[in-house]
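# Architecture and fold: a report
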Amino acid sequence: LTAVGAVVMVEIAKGSASLYSTVIWGFLDLMVACTEHHRHPISEGTFAFWDDLAAMADRDPVLMTPLYTRVVEAVSRRCRYPKDFTGWDEAVRMEGSALDEDEFNRYRRQSRNLLDTAACFMLEPILAMAKGVVAPGPEGGAEPNRSPAWPDIELGLFVMGSIVQTALPHPRVRRGSATQK
């Protein structure tokens, strides 16, 4: 998929393919589905593609923002600790647990750059999403009149921590390939 993605990006860059193309959108949907995959290595394998595609976001930010919204939501869901998580010893003992500590932590480290890259052109929606995870009420992830679960609070802080460099106004402190000149 990464090789096909490289060809797609070359065609977009040359102007011989349009982001409106059914084939291009079909491929992008497939990449989002891989990003949403329940196995961390499959999802993580798409990160370089999204990072490279973000460099082309200025070509059509109106179309790229909804696409990256789906990517950010998928990655954020994968970075969230389970609601019943109490520690790695307990998670390892759980029958049928697909949660591996090293894999989970590596995924979170890799996702920081992707979240930061997406924040370069869609900072406000990512901040709103992070707030919505912990905010009580109909638009937030928590139920009205109830405190959000600790994994929701931690996820909001994780996302905010991932994009803080992009959110800062001084360009010399920004990180991520989409912001480097």
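Since the model is a prediction, treat every value here as computed from it, not as a measurement.

Looking only at helices and strands, the chain has eight helices and zero strands in total. Start at the N end of the chain and walk to the C end: the helices and strands fall as α-α-α-α-α-α-α-α. Every one of the 181 residues in the chain was classed for burial, and the buried ones make up 43%. For the chain, contacts bridging at least 24 residues in sequence account for 64% of all contacts bridging at least 6. Looking at the chain as shown, the accessible area adds up to about 10,100 Å², and 56% of this sits on carbon and sulfur atoms.

On to the packing of aromatic side chains, then. Each aromatic ring pair is summarised here by two numbers: the centre-to-centre distance and the angle between the ring planes. Per the stated rule, a full pass over the model turns up 12 aromatic pairs. Judged by centre distance (5.6 Å) and plane angle (80 degrees), the rings of Phe-27 and Phe-49 are edge-to-face. Here the residue Phe-27 occupies a position in helix α2 (residues 22–35), and Phe-49 occupies one in helix α4 (residues 47–54), the gap between them amounting to 22 residues. Accessibility assignment for this pair places Phe-27 and Phe-49 in one class, buried.

The subject of this paragraph is the confidence of the model for the chain. Predicted coordinates in areas of low pLDDT are best not read in detail. Mean pLDDT for the chain: 77, with 70% of residues reaching 70 or above. Of all secondary-structure elements in the chain, the lowest mean pLDDT belongs to helix α6 (residues 88–93), at 66, while helix α3 (residues 40–44) reaches the highest, 89.

All right, on to the pattern of salt bridges then. Counting across every chain of the model gives five salt bridges. A salt bridge links Arg-70 to Asp-29; its shortest N-O distance comes to 2.9 Å. With Arg-70 in helix α5 (residues 61–79) and Asp-29 in helix α2, this pair connects stretches of sequence that are 41 residues apart. The partner of Arg-80 in a salt bridge is Asp-152, with the nearest N and O atoms 2.7 Å apart. In this pair, Arg-80 sits in the loop between α5 and α6 while Asp-152 sits in helix α8 (residues 150–167), placing the two residues 72 residues apart along the sequence. Just as Arg-80 is buried, Asp-152 falls in that class too.

Helix length check: α2 (14 residues) gives 20 Å between terminal C-alpha atoms against 20 Å at 1.5 Å per residue, within 8%. The complete set of buried residues in α2 reads Ile-24, Phe-27, Leu-28, Met-31, Val-32, Cys-34 and Thr-35. Angular distribution of buried residues about the axis of α2 spans 160 degrees; they occupy a single face of the element. Among the exposed residues of α2, those pointing more than 90 degrees away from its buried face are Thr-22 and Val-23.

Right, let's talk about the side chain of Ser-162 for a bit. With respect to the helices and strands, the residue Ser-162 is situated in helix α8. Given a relative accessible area of 0%, Ser-162 falls into the buried group. Of the polar contacts made by the side chain of Ser-162, one reaches the backbone oxygen of Phe-158; its length is 2.9 Å.

The subject of this paragraph is a negative patch on the surface. Taken together, the side chains of Asp-89, Asp-100, Glu-101 and Asp-102 present a region of like negative charge at the surface. As for its position among the elements, Asp-100 is in the loop between α6 and α7 (101–134).

Another point: the nonpolar core. Ranked by internal contacts, the top residues of the largest apolar core, which has 33 residues, are Trp-50, Leu-53, Tyr-68, Val-75, Ile-126 and Val-159. Those elements giving two or more residues to this core turn out to be α2, α4, α5, α7 and α8. At 10 residues, the largest contribution of residues to this core is made by α7. Discounting residues that sit within four places of it in the chain, Val-75 has contacts with Thr-35, Phe-47, Tyr-107, Ser-111, Leu-114 and Leu-115.

Time to look at the packing of α2 against α4. A packed helix pair is summarised by two numbers, namely the angle formed by the two axes and the spacing between the axes. Direction vectors running N to C along α2 and α4 enclose 135 degrees, while the axes themselves pass 10 Å from each other. In this view, α2 runs oblique relative to α4, as classed from their interaxial angle. Along this stretch, α2 crosses α4, giving a crossing that reads as left-handed. Facing Phe-27, Leu-28, Met-31, Val-32 and Thr-35 of α2, the residues of α4 in contact are Phe-49, Trp-50 and Leu-53. In terms of residue class, the contact of α2 with α4 is made up of seven nonpolar, one polar and no charged.

Thresholds applied
Residues numbered from 1 in each chain as written. Predicted model: local features only at pLDDT ≥ 70, side-chain atom pairs only at ≥ 80, totals over all residues. Heavy atoms only, no water. Helix = DSSP H or I, 4+ residues; strand = E, 2+ residues; numbered from the N terminus. Buried < 20%, exposed > 50% of the residue type's maximum accessible area, 1.4 Å probe, protein only. Contact = heavy atoms within 4.5 Å. Areas by Shrake-Rupley, 256 points an atom, 1.4 Å probe, with all protein chains shown as cover. Phe/Tyr/Trp six-rings, centres within 6.5 Å; stacked < 30°, edge-to-face > 60°. pLDDT = per-residue confidence, 0-100. Salt bridge = Lys/Arg side-chain N within 4 Å of Asp/Glu carboxyl O. Expected span 1.5 Å × (residues − 1). Arc of directions from axis to C-beta. Polar contact = N/O pair within 3.5 Å; in protein donor to acceptor, adjacent residues only side chain to side chain. Patch = residues over 30% accessible without salt bridge, like charges linked within 9 Å, V, L, I, M, F, W, Y side chains within 5 Å. Lys, Arg positive; Asp, Glu negative; His and termini not counted. Charge placed at Lys NZ, Arg CZ, Asp CG, Glu CD. Core = buried A, V, L, I, M, F, W, Y, C linked by side-chain atoms within 4.5 Å. Axes fitted to C-alpha atoms, helices over the stretch in contact; angles between N-to-C directions. Parallel < 35°, antiparallel > 145°, perpendicular 65-115°, else oblique. Left-handed = near helix turned anticlockwise from the far one by under 90°. Nonpolar A, V, L, I, M, F, W, Y, C, P; charged D, E, K, R; others polar.

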